[in-house]
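Tertiary structure, described
The residues making up each chain are set out below.
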Amino acid sequence: MSQSRYPLKTVINGDSVVILTKGQADTINNIFDSQKQKIADAKELISFKDSLIRSKDSLLNIAYAPTAQYDSLNAKYINTLMFLDYVESWVYDRAKEGSFLYYSYDSTCIEAIDLSDYEVRKNDYTGAIFFYRITDTPFIHKKKNDSFRKGWEQEITRTNRPKIHRL
């Protein structure tokens, strides 16, 4: 018997053709099948890992959402505390200055009239309260229970009117 030399390479109609034994062909087919199986397994593993990563991202988003809400609420709380401190400081400063505090419906603000340059007087008969600028007090020589002239407040020029602070 002669020894066969397979695989044989030959050219038919300009194409290279390889002639194999049945055993060689089966071996090559088995190699191709195992490679296809490895590729399919790798694709399945990649798909599984991708789904794990998506699940992990979803869980992280779910876990992060309360933290973000907490941070947002905490920032609002801190801003509210800072505003409250500002309002408290503003009211305290106006009270030390001797201001008159009131709520203005026109400007929707708390307003303070600075009365530090004014003297407050009250008419004992009517109970009316009058504010006189200390430098502009017209009735220095008045008797104790004399009433003030009506409309005196209109005589104060705009430049001498009290300063108004708004919150």
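Structure report, in brief. (Residues numbered from 1 in each chain as written. Predicted model: local features only at pLDDT ≥ 70, side-chain atom pairs only at ≥ 80, totals over all residues. Heavy atoms only, no water.)

**Remarks on helix H1 (residues 22-97)**
End to end, H1 covers 110 Å across 76 residues, agreeing with the expected 112 Å (1.5 Å per residue, within 8%). Bending of H1 peaks at approximately 25° at the position of tyrosine 64, with proline proline 66 no more than four residues after it. Among the residues of H1, those classed as buried are Val87, Trp90 and Arg94. The positive-phi residue at the C-terminal boundary of H1 is glycine 98, with phi of around 85°. (Helix = DSSP H or I, 4+ residues; strand = E, 2+ residues; numbered from the N terminus. Expected span 1.5 Å × (residues − 1). Bend = angle between axes of the 7 residues up to and from the residue. Buried < 20%, exposed > 50% of the residue type's maximum accessible area, 1.4 Å probe, protein only.)

**Some thoughts on the pattern of salt bridges**
When charged atoms on two side chains of opposite charge get close, those side chains can pair. According to the stated counting rule, one finds one salt bridge in the structure shown. The shortest N-O distance in the salt bridge between lysine 22 and aspartate 26 comes to 3.4 Å. On the criterion of helical spacing, the pair formed by lysine 22 and aspartate 26 is a turn pair, its members being four residues apart in helix H1. On the basis of relative accessibility, which here comes to 33%, the residue aspartate 26 falls in the partly exposed class. (Salt bridge = Lys/Arg side-chain N within 4 Å of Asp/Glu carboxyl O.)

**Here's the deal with the pairing of strand S2 (residues 15-19)**
Counted residue by residue, S2 has zero buried out of five residues, so it is predominantly exposed. Sheet topology note: the strand S1 (residues 8-12)/S2 ladder contains five bridges and is antiparallel. Along S2, the bridge assignment pairs threonine 10 with valine 17. Hairpin connection from S1 to S2: two residues lie between these consecutive antiparallel strands, with asparagine 13 at a positive phi of about 50°. (Pairing = 2+ DSSP bridges.)

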